[in-house]
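Structure at a glance
Here is how the chains run, residue by residue.
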Amino acid sequence: MDNILALTETEFFKKLRKGLHDENLHVDLRDFIVRVHEVTHPSSPHRFYALEALIIADIELSQYKSSEALVLANESLATAINRAHDYVLMKLHEHRNLLGFMPQENGTEIDGTLHWSMDKTKFSMLCIALKVGKCFGNCSLDKIVKRLGKAFNVKVSTQYVRNRIQSFTQRNQDYSPTDFIEYLLYGLKSFMLGEGDEEKTA
């Protein structure tokens, strides 16, 4: 398989496309990672097409992770996909640096200059609100958390966000999960009614 499809024609990818995920998932993931290692190794005869193969794998995994298919996937499959993508991105970064071009993982990535000054729970509420409100269409929660986290310089995992939301639904507590959104709404209403002038010079 000495071509740019060397990574996306593995059993791991074939089963992803067909929706076939059995007890051998961990084996397919292992074989895929081994294949990535073989293709990208400095002494590999395949190194001439390694970058293109990695980019194609990155595109396919990114598209799969941003689709509703990942939301419906079981936990073990979601974990396998994330591990495969993380490994591909690591190798992609190494090759880009080695070749001296394309220093960023993705030209469309947001380089955040803003810094979130509130707690991570409020950030979690914002991400969930944007997801359920379909502000970005059918974009996955994982993508929303990662993009906003990078834009606002917040180190929060998607699992942390899910755990925070789940904690509100499993126990009674004084803090309402909508408090932050209501706080923003109150501030917006006050501003629109001319009760605040903080942003009038913006």
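Residues numbered from 1 in each chain as written. Predicted model: local features only at pLDDT ≥ 70, side-chain atom pairs only at ≥ 80, totals over all residues. Heavy atoms only, no water.

Points about the environment of H115
Test applied: Numbered from the N terminus, helices here are DSSP runs of H or I no shorter than four residues, and strands are runs of E no shorter than two. Each residue is assigned to one of three classes by its accessible area relative to the maximum for its type, calculated with a 1.4 Å probe on protein chains only: buried under 20%, partly exposed between the two thresholds, exposed over 50%.
Of note, H115 is situated in the loop between α5 (75-99) and α6 (120-132). Under the relative-accessibility criterion, H115 is labelled exposed at 63%. Along the backbone, H115 and F152 are 37 residues apart, and their C-alpha atoms lie at a distance of 4.9 Å.

Description of the nonpolar core
Cut-off, in case you're wondering: For the purposes of this section, nonpolar cores are sets of buried Ala, Val, Leu, Ile, Met, Phe, Trp, Tyr and Cys residues that join through side-chain atoms within 4.5 Å. It only takes one pair of heavy atoms within 4.5 Å for two residues to be counted as in contact.
If you look at the biggest cluster of nonpolar residues, it comprises 25 residues, and the most contacted ones within it are L7, F12, F32 and L61. Broken down by secondary-structure element, the contributors of at least two residues to this core are α1 (11-18), α2 (25-40), α3 (50-65) and α5. Non-local contacts of F12, meaning those with residues more than four positions away in its chain, are made with L25, D28, L29, F32, L61, A80, I81 and A84. Residues L141, L148, F168 and F180 belong to the second largest nonpolar core, which totals 17 residues.

Here's the deal with α1
Given 3.6 residues per turn, any residue in an α-helix points the same way as the ones three and four places further on. To keep it simple, the criterion reads: This arc is taken over the directions from the axis of the helix to the C-beta atoms.
Those residues of α1 that sit buried are F12, F13, K15 and L16. The arc that holds every buried residue of α1, seen down its axis, measures 165°, which confines them to one face.

A closer look at the pattern of salt bridges
Stated formally: We define a salt bridge as a side-chain nitrogen of Lys or Arg found within 4 Å of a carboxyl oxygen belonging to Asp or Glu.
Here the structure, examined in full by the defined rule, presents 5 salt bridges. K15 is the salt-bridge partner of D28, the closest N and O atoms lying 2.9 Å from each other. Of this pair, D28 sits in helix α2 while K15 sits in helix α1; the two residues are 13 residues apart in sequence, bridging distant segments of the chain. Each member of the pair, D28 as well as K15, is classed as buried.

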